[in-house]
Amino acid sequence: MISYEDAGVSIDKGNSFVESIKPLVKDTFDKNVLGGIGSFSGAYALPSGYKNPVLLAATDGVGTKLKLAIDSKRYSSIGQDLVAMCVNDLLCNFAKPMFFLDYYASAKLELEAAKEVIAGIARACKLAECSLIGGETAEMPGLYKEGDFDLAGFAVGMAEAEEIDRRAFVKNGDLLLALPSSGLHSNGYSLARKVLFEELKLSFDDKIEGKSLIDILLEPTRIYVKDFVKLKPFINALAHITGGGLLENLPRIFPRGIGAVIRKHHLKTQEIFYTIGQMVDENEMYRSFNMGVGMVLVVSSANVSKVLENSDAFIIGEVVLNEGVILE
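Counting starts from 1 at the beginning of each chain's written sequence and moves along it residue by residue. The predicted origin of the model limits local features to residues at a pLDDT of at least 70 and limits the giving and counting of side-chain atom pairs to 80 or more, whereas totals for whole chains, interfaces and linings rest on all residues. The basis for every side-chain value is the complete set of heavy atoms in the structure, and neither hydrogens nor water enter the calculation.

Labelled according to an unreviewed UniProt entry, the protein appears under the name Phosphoribosylformylglycinamidine cyclo-ligase, originating from Campylobacter avium LMG 24591. UniProt positions are given in the numbering used here, feature names are shortened, and annotations may be inferred rather than shown by experiment. The UniProt entry for the protein carries this comment under Sequence similarities (unreviewed entry): "Belongs to the AIR synthase family." Here is the UniProt Catalytic activity (unreviewed entry) comment for the protein, exactly as written: "2-formamido-N(1)-(5-O-phospho-beta-D-ribosyl)acetamidine + ATP = 5-amino-1-(5-phospho-beta-D-ribosyl)imidazole + ADP + phosphate + H(+)".

Shown next, in the form of structure tokens:
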């Protein structure tokens, strides 16, 4: 007789994995989590204190940055990328993250690697002030190559109904402030890998400004939840600078007839972007990468000093009567 394990899927290993991560997951729980890990779904009580509460949800992965983590066998930071890409999106609709779920799929479950990934997700959930209330681990031999795995994340947050659509709060003359990125975050890696490894022939151990290339590329995506909580009273709107860069993400928060001027010399662009930019047109760089800007805050002139005093934000431009984004 043939067993499921003979087909490449170990039920016992999956059960062992769930038991091993329970302490990591439980450490992220807050008072609203109901029950524990192992039920058919995660339960979360709705927080009080909202007048017109609305639930918002976001989902994402980490793209081909995951390939670098797999090739270098360094799994500890990729979980933060997964959480960050989801919770940072929620903030743009003024939603405070509440809970997170993950999906981990592989050809064959490698326990230590998987546990390292989940530990990173759990640490990131604590940074994002949200609870990891569930997930799914799947072994799918034949669909994935041995040694490969994929990740997806799902975050749910809550906001006041009247605060979700920020376009009405953006006015001509508002200033644009940037919260810096920690590097490439989790976008543009297919282009980055092609340029760095195929065209420039660099290796993981090559140094840029004294830091190894693989360390730079695996630097985890910054989580902006605590910044949002602190700065929310002073912010008109936010844009998470992901795929599409400044050129395509900023217009998503502007009303009709409103645009932006960005002054490139005000950006704090890390050297890795200039290295990639040797082989890529400037406009393409600004459409593919964050160029050192992780989150853009639209702020009234009266509130700019409050934001600057309470964060590492810096001014990069202003809102104007013009559609689109102008780079100067």
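A. Local environment of the UniProt feature "domain: PurM-like N-terminal" (unreviewed entry) in the protein. According to UniProt, the feature "domain: PurM-like N-terminal" (unreviewed entry) maps to residues 54-158 in the numbering used here. Working definition: helices are DSSP H or I runs of at least four residues, strands are E runs of at least two. Numbering for both runs from the N terminus. This span, residues 54-158, is 37% helix and 35% strand, and a straight line between its end C-alpha atoms measures 6 Å.

B. Spatial organisation of the pattern of salt bridges. Criterion for a salt bridge: a side-chain nitrogen of Lys or Arg within 4 Å of a carboxyl oxygen of Asp or Glu. Scanning the model with the defined rule gives 17 salt bridges in all. Glutamate 163 is paired through a salt bridge with lysine 232; the nearest N and O atoms lie 3.1 Å apart. Here glutamate 163 is found in the loop between β6 (149-160) and β7 (175-180), whereas its partner lysine 232 is found in the loop between α7 (225-231) and β10 (237-240), with 69 residues between them in sequence. For arginine 287, the salt bridge goes to glutamate 248, with nearest N and O atoms at 3.1 Å. Remark: glutamate 248 occurs in helix α8 (residues 245-249) and arginine 287 occurs in helix α10 (residues 282-288); sequence separation between them is 39 residues. For arginine 287, a relative accessible area of 35% corresponds to the partly exposed category. One salt-bridge network, held together by shared partners, links Arg222, Asp227 and Asp312. Note on exposure labels: buried denotes an accessible area under 20% of the residue type's maximum, exposed denotes more than 50%, and partly exposed covers the range between, all computed with a 1.4 Å probe on protein chains only.

C. Structural context of the nonpolar core. Only buried Ala, Val, Leu, Ile, Met, Phe, Trp, Tyr and Cys residues count toward a nonpolar core, and they belong to the same one when joined by side-chain atoms within 4.5 Å. In this structure, Phe100, Leu250, Ile272, Ile276 and Leu297 are the most contacted members of the largest nonpolar core, which totals 98 residues. Here this core gathers at least three residues from each of two domains, domain 1 (4-163) and domain 2 (167-327). In what follows, a contact means two residues having at least one pair of non-hydrogen atoms within 4.5 Å. Look past the residues within four positions of isoleucine 276 in its chain and what remains in contact with it is Leu184, Ala192, Val195, Leu196, Met285 and Phe289. Reported domain spans reflect what an automatic or database domain assignment gives.

D. Representation of the domain arrangement of the protein within the structure. For the protein, the assigned domains are domain 1 (4-163) and domain 2 (167-327). Of note, the centres of domain 1 and domain 2, computed from C-alpha atoms alone, are 25 Å apart. Contact residues are listed per partner, giving 29 residues for domain 1 and 30 residues for domain 2. With both chains or domains summed, domain 1 and domain 2 bury close to 2,600 Å², and 67% of this area falls on carbon and sulfur atoms. Ranking the residues of domain 1 by area buried against domain 2 places Lys65, Leu68 and Phe94 at the top, with a combined share of 25%. Polar contact is the term for a pair of N or O atoms within 3.5 Å; when the atoms are in protein, one must be able to donate a hydrogen and the other to accept it, and sequence-neighboring residues count only if both atoms are side-chain atoms. Inspection of the region where domain 1 meets domain 2 yields 13 residue pairs in polar contact (both at pLDDT 80 or more). Those elements giving two or more residues to the side of domain 1 that touches domain 2 turn out to be α2 (65-72), α3 (78-91), β4 (96-106) and α4 (111-127). Ranked by residue count, the leading element in the side of domain 1 that touches domain 2 is α3, at nine residues. The term buried area refers to how much accessible surface (probe radius 1.4 Å) is lost by two components on association, counted for both of them together.

E. Up close: the side chain of serine 181. Note that serine 181 resides in the loop between β7 and α5 (189-199). Serine 181 sits in the buried class, given a relative accessible area of 8%. At a separation of 3.0 Å, a polar atom in the side chain of serine 181 contacts the main-chain carbonyl oxygen of glycine 183. Looking at serine 181, its side chain comes within polar contact range of the side chain of asparagine 290, at 2.9 Å. Apart from residues no more than four positions distant in its own chain, serine 181 is found in contact with Tyr224, Gln270, Asn290, Gly292, Val293 and Gly294.

F. Spotlight on the packing of helix α1 (residues 11-26) against α4. With axes taken as lines fitted to C-alpha atoms, and helix axes fitted only over the stretch in contact, angles between N-to-C directions fall between 0 and 180 degrees. Contact pair α1 / α4: the axes reach a minimum separation of 10 Å and the direction vectors enclose 30°. As far as their axial angle goes, α4 and α1 are roughly parallel. Taken as a pair, α1 and α4 cross one another with a handedness that is right-handed. Across from Lys13, Ser16, Phe17, Ser20, Ile21 and Leu24 in α1, the residues of α4 making contact are Leu111, Ala114, Lys115, Ile118, Ala119 and Ala122. If an angle is under 35 degrees, it is roughly parallel; if it is over 145, roughly antiparallel; if it lies from 65 to 115, roughly perpendicular; otherwise it is oblique. By convention, the crossing between two helices is left-handed when the near helix turns anticlockwise from the far helix through less than a right angle, and right-handed when the turn is clockwise.

G. Expanded view of the UniProt feature "domain: PurM-like C-terminal" (unreviewed entry) in the protein. Under the UniProt annotation, the feature "domain: PurM-like C-terminal" (unreviewed entry) is placed at residues 172-321. This span, residues 172-321, is 32% helix and 21% strand, and a straight line between its end C-alpha atoms measures 6 Å.

H. Region of interest: the sheet that holds strand β13 (residues 314-320). For two strands to be treated as a pair, DSSP must find at least two bridges joining them. Strand order in the open sheet formed by six strands is β10-β12-β7-β13-β11-β14, with mixed pairing between adjacent strands. Across the chains shown, the open sheet's two edge strands, defined by having one partner strand only, are β10 and β14 (324-327). Between one strand axis and the next, the sheet turns by 25° as a mean value, whatever way the strands run. The pairing of β10 with strand β12 (residues 293-299) spans four bridges and is antiparallel. Residue pairing across strands places leucine 238 opposite leucine 297, the latter belonging to β12. Together, β10 and β12 form the strand contacts of α3, whose direction differs from that of β10 by roughly 155°.

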